[in-house]
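Tertiary structure, described
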Amino acid sequence: MDIERGKQYKWVAGQLEKEDLDIPTLSIQQLIALRGGKMLKSKCPIHSAQQIATIKKLASSAIANSANWYQVTQFVSLAKTNDLHAETEKILENNGKYYHYLESLIPLLVEAGMLCIESEDEKRVAYSFPSQEAQVFCRNKEHILEVYLYLLALESQLFDECMIGSEIDWNGIFPEVDNVQNEIDVILRKGRSIIFISCKTTDLSVEAININELEVYANHFAGESCLKLIVCTGKINPAYANRCQEYGVLVIRSEQIPNLIPMLKKYSKRQKR
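This text gives an overview of the structure that appears in the document.

What counts as what
Residues numbered from 1 in each chain as written. Predicted model: local features only at pLDDT ≥ 70, side-chain atom pairs only at ≥ 80, totals over all residues. Heavy atoms only, no water. 1 Å grid on protein atoms, 1.4 Å probe; cavity = no way out; pocket = protein on both sides within 12 Å on 5 of 7 lines; lining within 4 Å. Points joined across faces, edges and corners; volume = space filled by probe spheres on them. Helix = DSSP H or I, 4+ residues; strand = E, 2+ residues; numbered from the N terminus. Nonpolar A, V, L, I, M, F, W, Y, C, P; charged D, E, K, R; others polar. Axes fitted to C-alpha atoms, helices over the stretch in contact; angles between N-to-C directions. Contact = heavy atoms within 4.5 Å. Pairing = 2+ DSSP bridges.

1. With respect to empty space enclosed by the protein
Remark: the empty space left among the atoms is shown by a probe the size of a water molecule rolled over them. Scanning all chains against the criterion turns up two cavities of 30 Å³ or more. One number sums up the size of the largest cavity: a volume of about 60 Å³. Together, Val 72, Phe 75, Val 76, His 100, Tyr 101, Leu 102, Ile 106, Leu 115 and Tyr 127 line the largest cavity. A per-element tally of the lining of the largest cavity places helix α3 (residues 66-78) first, with three residues. Taken together, the residues of the lining of the largest cavity sort by class into eight nonpolar, one polar and no charged. Put simply, the second largest cavity is a space of about 40 Å³.

2. Focus: the packing of helix α5 (residues 132-139) against helix α6 (residues 143-156)
At their nearest, the axes of α5 and α6 sit 7 Å apart, and the two run at 115° to each other. The segment α5 lies against α6, with Glu 133, Val 136 and Phe 137 engaging His 143, Ile 144 and Val 147. Its residues assigned to classes, the contact of α5 with α6 comprises four nonpolar, one polar and one charged.

3. Some thoughts on the sheet that holds strand β9 (residues 124-128)
What links the strands of a sheet is backbone hydrogen bonding, and the strands pair in either a parallel or an antiparallel sense. Sheet architecture is open: four strands sit in the order β4-β5-β9-β8, paired in antiparallel fashion. Two strands bound the open sheet, and with one partner strand each, they are β4 (81-82) and β8 (116-120). Sheet topology note: the strand β5 (residues 85-89)/β9 ladder contains five bridges and is antiparallel. Of the residues in β9, the one forming a bridge with Ala 86 is Tyr 127.

4. Notes on unusual backbone geometry
Even without a glycine there, the phi angle at Asp 83 is positive, about 55°. Within the element layout of this structure, Asp 83 appears in the loop between β4 and β5. A positive phi angle is found at Gln 157, which is not glycine, with a value near 55°. One can find Gln 157 in the loop between α6 and β10 (161-169).

Written as structure tokens, this is what we have:
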């Protein structure tokens, strides 16, 4: 029986007979529950067409100039925030390093619906976040890559389900002592084909990430046919790339991101054969 392709094969009178099976398709959450886990949380954010266009501009800028985006996320992280509201100086110091309020990127954050500027002068600025999701977007330097890939997947209309920030409990028992859980940055599903994606915006070495963790989670909850990707916008150590290949994890470099959806489309077609 081939569940992935919906086929059953029988050997009858010296010949192989093939029969089509009507096998129900499980959602990502159902698939994880079937294998003993539990989806603790996941996000499927909705944005307007204008916000999507602006987020894509921001993501392209962040990928092309990661240092500038790092400045933005560090500045917002350091600014004291209370109830999604902050009033701060435009230059902040932390451990001898200075982080500046980048006026060039702020209008894009406002246009993307991630920030609201309340007042501003030469030395100080007051702003607020429209939501907790917007605060995470501005504070977490890797979150913009997750959202970008999620939006590309949604726009393609190729997938039945698209999720970001999916937190999975290993055995479905929560809470418990020594609980084992992990967060998968992006999960996509097309029919019975599942894709797990880990997003990294820093330079990567073999020690920088537990590849085995991604491989184990993907195989355990989505089967060995699950496609496992690491999308990295930083430099990649060749030894790391080789290690990924050994674990069946495909590494996507920043220059390959524009071709990611066409590549996944080809993968999906191969799975149907």
